[in-house]
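Tertiary structure, described
In case you want the letters, here they are:
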Amino acid sequence: MAGIDIGNHTTEIVLARVDGAAVTPVTHGQAATRGRKGSRESLEGAAALLHRLEVQAGVSADELALAVLRPVDTATAPIPRAYIPDAPVRSLRAAAASTAAGHGHGVGVHVPLRDLSGPAADAPVIVSVPAGVDFEDAAAQLTAGAARGWLIAGVLVAADDAVLIANRIPLAVPVVDEVALDIAPGALVAVEVIEAGRAFRAWADPIALSAALHLPTERLAQVAEFCRELSDASAIAVTARTAADPPPDGGADYVDVQTGGTLTRYTPAQAHSVLRQCIPGSARQVRLAALAAARDGLAVHDAFFTDLSAIDNGVWLRRGVADTQGTVVALLAADEITDAAATLAELTGRPALTLADEPEAAARGARTTVGLPPGALVCDIGGGTIDLVGAENTVVAAGAGETITVAVARVLGVPKALAETVKRTPAVRVEGPHVAHEEDGRRVFLDAPAPADAIGRLCTRGGAGLVPFSSRLAAEEWRSLRLAVKQETVAANIARALRAFPVPPPVMVLAGGGALDDELLRTVTEALRAVPVVVGRANVDGIHGPRFAVASGLVHLLAERA
C-alpha cells in the first residue's frame, strides 16, 4: 500500500507492506509538488514519484491512499501598515508616504490654512494645507499667520510638498505631508517628524499620546497596540477616532471575518491585526487583487497575514539592508479537491481513495513516535498549513513553511528556490579568498578558495559550494533576521492556533517538513514559553524523523480499516 501526501510544497510517499494491522515500511521518497496542490499537474508528479519508488524497491503498490486536498496560496501583497480598526486613535498619514520635513513634535487643535487670516487662537494649533494650494502661497500664509500671533505647533499637507513648505517658513516645526485632511476644525492632532539619526519618538509612547489627545485611560491597551505601528515611522500624524472606519466598497479588496456570530468586512490592513487575534477558521472570504487566486474573491477556511515591517522592527536592522515592505498572505481555500483520487487512479491504473483529512493522517503517523506521552498534541507543519490535533479538537491554520520562504525571498530580494535553501542554514560572510566570517563571530579558513562572486558577500553553503545571496547583510544580522521571520510567521501562527484549545497541552510534538528546521523548533519553544508546553519532534515509524507523518499515517489508517 502507498500513502501519498501531496503538499503545497512537497509530495511525499511511504510504500509499505501491510499484513493485518502490521505495517512494514518498504521505501519512501519525496519530490517538489508540481503546480498547485490538487491540480492534475500535482497528481501527475505524485504518479511519477510513485513509479520511481516502485522501480527502486522492486515492488508495486496494490492500493493508494490520499488525504483530503485543500490548496493554500501564499504570496506577498502590497497591503498598507495595519492599524487596528478598534483603536481610539487613527493615523492620518498615507501608508506609502516617504517624505516629511522639519523635526520635533507638537500637539494642537486643527485649524485649516484659510482660518489663519482671522484672530489668533490662544493655544497651539496644527495647520492643514489642502490639495491644490501652491506651496509658496501656503508658506506665505503660514509665515503671516505666525506673525499675527498664531502658535503653530505643526503643519499637515495633503500633497507631497512638506520639504518645499518647510524651507520657506521661519518656523522649526514638524511638517507632515501626504495626509488625509478629513479632520474636523478644533480636533486635537499630534504630529512628529523624526530628525535624521535620532531614535526618540514622543508619540510612539502610548501614555504620552493618550494624554496629548485627552483619551480615556481605560483605552490605553488599544492605544499601545496602535503605537507599535508607529515605532519605526519617520513621521507621525494622529488624531482621535470619532467614528468607525467605513467598510470597503464592493470593488475594493476585503476580508470577511466571523467573530462571535457576527460577520464583519474589513480592509486587508485592518484584517492583519484582527486575524492574529482570532482563532484559525474565523476568515470566510478574501478578495485581494494582487493575488491571482483571490482576485475575484476566494472562499477560505483560514487566512494569516504577516506584516514584514514587524520583522524589521523586531531586530532593529540598519535601514536599507532588507526589503520589509508588504505583507505575506496565506489563504487556505474552503473548497476541497473532490476528484483527486479518481484522477490518480486514472494516472496509475491502481485503485485510489481519499481516506482521511490531513490532520487525522498526520496525527496517526506522528503517534508512531517512540516515547510520545499520552495526551500529547501533534502539530504538523507543512508547506501551506499548520495542523494541531489533540484528543478532542483539531485546528487547521493557514501559513506555514511556504510563508517563511516567501518572506525570506521578499526581504532578501532573491528567488524562492534560493530562499528555500537560505532560510534553513547558517551563512558566512566571505571576507577574502580564504577567510570567512561565521554567524557566531568566528573567522575561519575556507576549505577551498572562494569564487570571485562570493567575496564580500553573504553566502550559504550549497552542495556545489558557496552560493552568494546578499551584499548588504552581516552574518549576525542575517541570523537575527532569519529568526525574526520564523518568529513572526510560523511560531506566531502556532501560538494563535493554540488559543483554540481551552486547556494548553503539556507536550506538543512537531511533525512535517518544517519540524526539520532546528531554528523553528527553538522559536516555537520561545513563543510558547509562557504557556508552558514541552515542545519536541516526531520520529515517524521510528525511522523517518518528523517528515512523512501524513503519508505514513495514511498507510496505518488504511491497514486498520482493511
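Attention in this report is confined to the structure presented alongside it. Throughout, a residue's number is its position along its own chain's written sequence, starting from 1. In keeping with the predicted nature of the model, local features appear solely for residues at pLDDT of at least 70, side-chain atom pairs appear and are counted solely at 80 or more, and the whole-chain, interface and lining totals rest on all residues. Side-chain measures here rest on the full set of heavy atoms in the structure, leaving out hydrogens and waters.

1. A word on the overall build of the chain
Counting its secondary structure elements, the chain contains 14 helices and 29 strands. The principal-axis extents of the C-alpha atoms in the chain amount to approximately 95 × 65 × 40 Å. Throughout, a contact is declared for two residues whenever any of their heavy atoms are within 4.5 Å. For the chain, the proportion of contacts with a sequence separation of at least 24, taken over those separated by at least 6, is 67%. Surface accessibility in these figures is a Shrake-Rupley result with a 1.4 Å probe; residues are shielded only by whichever protein chains are displayed. Of the accessible surface of the chain, which amounts to about 23,400 Å², a share of 54% is contributed by carbon and sulfur atoms. Residues scored as charged are limited to Lys and Arg (positive) and Asp and Glu (negative), so that His and the chain ends carry no count. To locate a charge, take atom NZ for lysine, CZ for arginine, CG for aspartate or CD for glutamate. For the chain, the distance from the average position of its 48 positive side-chain charges to the average position of its 63 negative side-chain charges is 3 Å. Numbered from the N terminus, helices here are DSSP runs of H or I no shorter than four residues, and strands are runs of E no shorter than two.

2. Details of the sheet that holds strand E26 (residues 458–462)
Whether two strands pair depends on DSSP finding at least two bridges between them. Overall, antiparallel pairing links the five strands, which are arranged E25-E24-E23-E26-E27 in an open sheet. Of all the strands in the sheet, the pair left with one neighbour each is strand E25 (443–445) and strand E27 (465–470). Pairs of neighbouring strands in the sheet enclose a mean axial angle of 40 degrees, with direction left out of account. Bridge count between strand E23 (residues 427–430) and strand E24 (residues 435–438): three bridges; the pairing is antiparallel. The partner of Val430 across the bridge, within E24, is Ala436. Axes, fitted as lines to C-alpha atoms, cover a helix only where it is in contact. Angles between the N-to-C directions of the axes lie from 0 to 180 degrees. Against the sheet, helix H12 (residues 475–498) engages E23, E24, E26 and E27, with an angle of about 35 degrees to E24.

3. Regarding helix H5 (residues 220–228)
Burial classification: accessible surface area is computed with a 1.4 Å probe over protein chains only, and a residue below 20% of its type maximum counts as buried, one above 50% as exposed, and the rest as partly exposed. Buried residues of H5: Val223, Phe226 and Cys227, and no others. All buried residues of H5 project into a common sector of 100 degrees when viewed along the axis, lining one side. Exposed and facing more than 90 degrees away from the buried side of H5 are Ala221 and Arg228. The arc refers to the directions leading from the helix axis to the C-beta atoms.

4. Digging into the packing of helix H10 (residues 401–412) against H12
Relative orientation and spacing of two packed helices are given, respectively, by the angle between their axes and the distance between those axes. Put simply, H10 and H12 touch, their axes get as near as 9 Å, and they point 140 degrees apart. With respect to each other, H10 and H12 are oriented oblique. Crossing handedness for the pair H10 and H12: right-handed. In this structure, H10 contributes Gly401, Thr403, Ile404, Ala407, Val408, Val411 and Leu412 to the contact, and H12 contributes Trp478, Leu481, Val485, Lys486, Thr489 and Val490. Each residue receives one of three labels: charged for Asp, Glu, Lys and Arg, nonpolar for Ala, Val, Leu, Ile, Met, Phe, Trp, Tyr, Cys and Pro, and polar for the others, Gly being one of them. For the contact of H10 with H12, the per-class residue count stands at nine nonpolar, three polar and one charged. When describing relative orientation, an angle under 35 degrees is termed roughly parallel and one over 145 degrees roughly antiparallel, while 65 to 115 degrees is termed roughly perpendicular and anything else oblique. Two helices crossing with the near one rotated counterclockwise from the far one by less than a right angle form a left-handed crossing, whereas a clockwise rotation gives a right-handed crossing.

5. A few points about the environment of Thr338
Structurally, Thr338 can be placed in the loop between strand E18 (327–333) and helix H8 (340–348). Since its relative accessible area comes to 73%, Thr338 is described here as exposed. Distance in space between the C-alpha atoms of Thr338 and Thr74 is 22 Å, their sequence separation being 264 residues.

6. Examining the nonpolar core
We define a nonpolar core as any set of buried Ala, Val, Leu, Ile, Met, Phe, Trp, Tyr and Cys residues linked to one another through side-chain atoms lying within 4.5 Å. By size, the foremost hydrophobic cluster in this structure holds 49 residues, and its most contacted members are Leu388, Leu412, Phe469, Trp478, Ile494 and Met508. Ranked by residue count, the leading element in this core is H12, at 10 residues. Per-domain counts for this core show at least three residues from each of domain 2 (75–82 + 248–333) and domain 4 (411–475). Apart from the residues within four sequence positions on either side, Trp478 is in contact with Val408, Leu412, Val422, Thr425, Ala427, Glu439, Leu458, Phe469 and Leu473. Within the second largest apolar cluster, 21 residues are counted, among which are Ala77, Ile79, Val257 and Cys278. As used throughout, domain bounds are those supplied by an automatic or database domain assignment.

7. Some remarks on the pattern of salt bridges
Salt bridges are identified by distance alone: a Lys or Arg side-chain nitrogen within 4 Å of an Asp or Glu carboxyl oxygen. A complete count under the given rule lists 27 salt bridges for this structure. A salt bridge links Arg40 to Glu44; the nearest nitrogen and oxygen atoms lie 3.5 Å apart. You can see Arg40 and its partner Glu44 sitting in helix H1 (residues 40–57), four residues apart, about one turn around the helix. Judged by its relative accessible area of 33%, Glu44 is partly exposed. A salt bridge links Arg90 to Asp182; the nearest nitrogen and oxygen atoms lie 3.4 Å apart. Note that Arg90 is positioned in strand E6 (residues 89–91) and Asp182 in the loop between strand E11 (175–176) and strand E12 (188–193), a separation of 92 residues in sequence. Assessed through its relative accessible area of 17%, Arg90 is described here as buried. Counted as one network, the salt bridges with shared partners bring together Glu439, Arg482, Lys486, Asp517 and Glu519.

8. So, the packing of aromatic side chains
Any pair of Phe, Tyr and Trp rings, taking the six-membered ring for Trp, is counted once the centres come within 6.5 Å. Such a pair is stacked with planes under 30 degrees apart, edge-to-face with planes over 60 apart, and tilted for the rest. Scanning the model with the defined rule gives one aromatic pair in all. Relative to Trp478, the ring of Phe469 lies with its centre 5.6 Å away and its plane at 65 degrees, an arrangement referred to as edge-to-face. Under the relative-accessibility criterion, Trp478 is labelled buried at 0%. Geometrically, a charge over a ring is one whose NZ (Lys) or CZ (Arg) sits within 6 Å of the ring centre while staying within 35 degrees of the ring normal. Above the face of the Tyr254 ring, Arg265 is positioned so that its terminal group lies 3.6 Å from the ring centre.

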